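Observations on the three-dimensional arrangement
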Amino acid sequence: MGKLMVLLAGIVSLIGCSNDNQIIIENKADYPIYFTFRSSQNTVNPNGQTTISDIPNGDYAVAIGIQIPPSGASSWSVTPPSATFSFNKKSTKIRTEFYSTFVSGIYAVTWNYSSTDPVTSTSTGITSP
């Protein structure tokens, strides 16, 4: 009977450790974006959306890549090109939205993110000629 109680306590504690942390990625840019998270690249087409689920708590680096317009782009930029997201609670949902402009040969992608919990993240910007 004691072994059964220990087994049941273990099962209940594992159920309590699950979470449903998510990142929701919405691409409102003119061309695909490439969202790299936990060593996996997620391609999100224009006007598309994808969700990354079952994220354990912790700190995770995110890197962003973009598809450059096939013609007419003399330079491009992504701001920020990377960030670090922290998941410290169960059921944290981070929403990211990508936007683009294409003016005078410059294709610029910007993205914003928000969280159901206070966002603990760092980001940097870079522009490439």
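The model shown is predicted, which means the values in this text are computed figures rather than measured ones.

**Some details on unusual backbone geometry**
Backbone torsion omega between threonine 79 and proline 80 reads -15°, so that peptide bond is classified as cis. Within the element layout of this structure, proline 80 appears in strand E6 (residues 75-87). One non-glycine residue, arginine 38, lies in the positive phi region at around 50°. Mapped onto the secondary structure, arginine 38 falls in the loop between strand E2 (33-37) and strand E3 (40-44).

**Quick notes on the confidence of the model for the chain**
When pLDDT is averaged across the chain, the result is 82; 77% of the residues are at 70 or more. Across residues 4-16, where pLDDT falls below 50, the model places one contact with residues more than four positions away in sequence or in other chains. Low pLDDT, under 50, characterises residues 120-129; the stretch is placed with 32 contacts to residues that sit more than four places away or in other chains.

**Looking at the nonpolar core**
Counting residues in each nonpolar core, the largest one holds 22 residues, and the members touching the most others are Ile23, Phe35, Phe37 and Phe85. Of all the secondary-structure elements, those providing two or more residues to this core are strand E1 (22-27), E2, strand E5 (58-66), E6, strand E7 (93-103) and strand E8 (106-115).

Definitions and limits used
- Residues numbered from 1 in each chain as written.
- Predicted model: local features only at pLDDT ≥ 70, side-chain atom pairs only at ≥ 80, totals over all residues.
- Heavy atoms only, no water.
- Helix = DSSP H or I, 4+ residues; strand = E, 2+ residues; numbered from the N terminus.
- pLDDT = per-residue confidence, 0-100.
- Contact = heavy atoms within 4.5 Å.
- Core = buried A, V, L, I, M, F, W, Y, C linked by side-chain atoms within 4.5 Å.
- Buried < 20%, exposed > 50% of the residue type's maximum accessible area, 1.4 Å probe, protein only.

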